Amino acid sequence: MIKTQSLNENHRFRALYGRGKNKTGKAMSVYVMRNRLGKVDRLGLTVSKKIGNAVTRNHVRRRIREAYRMLEPQIKDGYDIVIVARHASETMLFTALTDEMKSLMTALGVIKEEKGDA
RNA sequence: AGAGUUUGCUGCGCAGCCGCGCGCCUUCGGGCGUGAGGAAAGUCCGGGCUUCACAGAGCAGGAUAGCUGAUAACGUCAGCCGAGGGCGACCUCAGGAAAAGUGCAACAGAAAUAAACCGCUGCCUUUUGGCAGUAAGGGUGGAAAGGCGAGGUAAGAGCUCACCGGUUGUUAUGGUAACAUAACUCCCCUGUAAACUCUAUCCGAAGCAACACCAGCUCGGGGGCUACGGCUUGCUCGGCCAAGCUCCGGAAAGGUGGCUUGAGGCGUGUGGCGACAUGCGUCCCAGAUAGAUGGCUGCAUAAACAGAACCCGGCUUAUAGGCUUACUCUCCCC
RNA sequence: GCGCUCGUGGCGGAAUGGCAGACGCGCCGGUUUCAGGAGCCGGUGGAGAUAUCCUUGAGGGUUCAAGUCCCUCCGAACGCA
């Protein structure tokens, strides 16, 4: 990923859960908050043990990261984003996963508005 | 043909585009190579490695339990012995000691480690019954004094004898041994040690968040107090001199190493029934640090259990499908 | 990584190796009331032929006998670094 670092500090996670804007879909919940790092985005992933065993959790984490990578060029700079996986993210089609992430991000206002888009 | 026992293996692969960790190269655009398991799991054992304030001794505690071997070691493995199950191939077994001692054995039953309720026999008594002898018979129970026959007796009893069974000891033969077989001899004794215990053998503790180093306004270092102090798994002896709090003096997180060449893999020869050992050749095969293997498309597309975190040897548990070794029983045909 | 504890009717929670489910809460039925509550009385794991059988997270073992002892799994909660 080009402009995104991983978010691994527990206090930032708690700040996002507490004060960030959030939206929830079938496959994930997304929390968003501005950071003070300028052009850098930071992504944190949470996959709890309720989702499944280690193999399942790895798989879910990779799918969500891949979907984020597809979406990354359209995301505004300077945000911390935390994505919490839910059960459906293991089984649903990858295209549906990508679409859901995009619609959640759009609702939260972190997707760039494309030129000439009505 | 049917039913069954058993051995070992595999458990996705290829191509295209985009993407990730590590290593090397780089004209800094990128390129090349490589990248999860048989259980990586559970953490049930054993070892390496590191540190400790570890000389060490005793007690306590823990583990193991047929024999011989294998191994770095083991609670693992191999072969054998014994016991149990199965017609059999074969499978299972914490498989030392109950004759060192203690405990426990509910209910039932007269009685549970010792015995007289009924019965049987003798004597006394008018009868009811009393005294004595007796473990053959009765019922209870998981277990009731070894089984059966004969002798014997008032009635009976290993009281005596024959046979059988178990058992203690000795001897002989075979075997390294566990043990097996035979002879003589002693005895006839409940079970339980996954109850305490005894016997034999083994065990210092903690764990890579160990530990070492670097950077840092805070390091290092020093003073005072706790003091019959702290540490050494628990306790005692012994040993060591450090630990906590506070003050000079004000606190939060980082980086690097450890980290992968090893009791290593593969092939092959030799020794051994085997576990395994060893010679030669050859190969280098993940090393992350919120944690790398994913997404899409095609090949008929369905495909289990499941993800390394210091490393090895085992055990246990999970596992769709496929392949495979050696055998057994029954039926039919020749 | 290391270690400790627990699992019993619907719920909480007892039970020396010896009749499993004490006790409390809840639930059901009855009584009382015009009606409800409280009180009082009785019942309450499952199957079944109404004899009995199966039940202490699951599966094995030891024992005459296991909720209890031993082993292996499963699940939950907790401690230390």
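Draft legend 1. Examining helix H2 (residues 54-71) more closely. With 18 residues, H2 extends 26 Å from end C-alpha to end C-alpha; this agrees with the ideal 26 Å at 1.5 Å per step. Residues of H2 that are buried include every one of Thr56, Val60, Arg63, Ile64, Ala67, Tyr68 and Leu71, and no others. With its buried residues spanning 135° around the axis, H2 presents them on a single face. Of the residues in H2, the exposed ones pointing more than 90 degrees away from the buried face are Val55 and Arg62. Where H2 is buried, its residues touch strand E1 (4-6), strand E4 (41-46), strand E5 (79-85) and helix H3 (94-108).

Draft legend 2. Representation of the pairing of E5 in the model. Counted residue by residue, E5 has six buried out of seven residues, so it is predominantly covered. Relative to E5, strand E3 (residues 28-34) runs antiparallel, the two being bridged by seven bridges. By the bridge assignment for E5, Met28 is matched with Ala85. Summarising the sheet, E4 and E5 pair through five bridges and their orientation is parallel. Within E5, the residue paired with Arg42 across the bridge is Asp80. A crossover connection joins E4 to the parallel E5 through H2; in handedness this β-α-β unit is left-handed.

Draft legend 3. Spotlight on the nonpolar core. In terms of nonpolar packing, the biggest core is built from 24 residues, with Met28, Val30, Ile81, Ile83, Met101 and Met105 touching the most fellow members. Counting only elements with at least two residues in this core, the list comes to E3, H2, E5 and H3. With near-sequence residues (within four places) excluded, Met101 lies in contact with Met28, Ile64, Ala67, Tyr68, Leu71 and Ile83.

Draft legend 4. Molecular detail of the side chain of Asp80. Within the secondary structure, Asp80 sits in strand E5. Engagement of the side chain of Asp80 in a polar contact is seen with the side chain of Arg42, the distance being 3.0 Å. The contact partners of Asp80, leaving out residues within four places of it in the chain, are Leu7, Arg12, Leu16, Tyr31, Val32, Met33, Asn35 and Arg42.

Draft legend 5. Quick peek at the pattern of salt bridges. On inspection of all chains with the given rule, the structure shows two salt bridges. Where Arg42 meets Asp80, a salt bridge forms, and the shortest distance between an N and an O atom there is 3.0 Å. In this pair, Arg42 is assigned in strand E4 and Asp80 in strand E5, connecting sequence segments 38 residues apart. Summarising the burial analysis for this pair, Arg42 and Asp80 share the class buried. Between Glu66 and Arg69 there is a salt bridge, with its nearest N and O atoms 2.7 Å apart. Of this pair, Glu66 and Arg69 are both found in helix H2, three residues apart, which corresponds to roughly one turn of the helix.

The rules behind the values
Residue numbers here run from 1 along each chain, matching the order of that chain's written sequence. Labels are handed out in written order, letters beginning with A for the chains and numbers beginning with 1 for the ligands. Reporting in this predicted model follows two pLDDT cut-offs: at least 70 for local features of residues, and 80 or more for side-chain atom pairs to be given and counted; totals over whole chains, interfaces and linings ignore these cut-offs and use all residues. The side-chain values count all of the structure's non-hydrogen atoms but skip hydrogen atoms and water molecules. Labels follow the DSSP assignment, with helices taken as runs of H or I lasting at least four residues and strands as runs of E lasting at least two, numbered in each case from the N terminus. Expected helix span is given by 1.5 Å per residue-to-residue step, counting one fewer step than there are residues. A simple rule labels every residue: compare its accessible area, found with a 1.4 Å probe on the protein chains alone, to the largest value its type can have, and call it buried under 20%, exposed over 50%, or partly exposed in between. Here the arc refers to the directions that run from the helix axis out to each C-beta atom. The contact criterion used throughout is that any non-hydrogen atoms of two residues lie within 4.5 Å. Between any two strands, at least two bridges found by DSSP are needed for them to pair. Here, the term right-handed applies to a crossover whose path from the first strand over the helix to the second runs clockwise when the strands point away from the viewer. What is meant by a nonpolar core is a set of buried Ala, Val, Leu, Ile, Met, Phe, Trp, Tyr and Cys residues, joined one to another through side-chain atoms within 4.5 Å. For the purposes of these results, a polar contact is taken to be a pair of N or O atoms within 3.5 Å, where, inside protein, one atom must be able to donate a hydrogen and its partner to accept one; residues adjacent in sequence count only when each atom of the pair is a side-chain atom. In what follows, salt bridge is the name for a side-chain nitrogen of Lys or Arg lying within 4 Å of a carboxyl oxygen of Asp or Glu.

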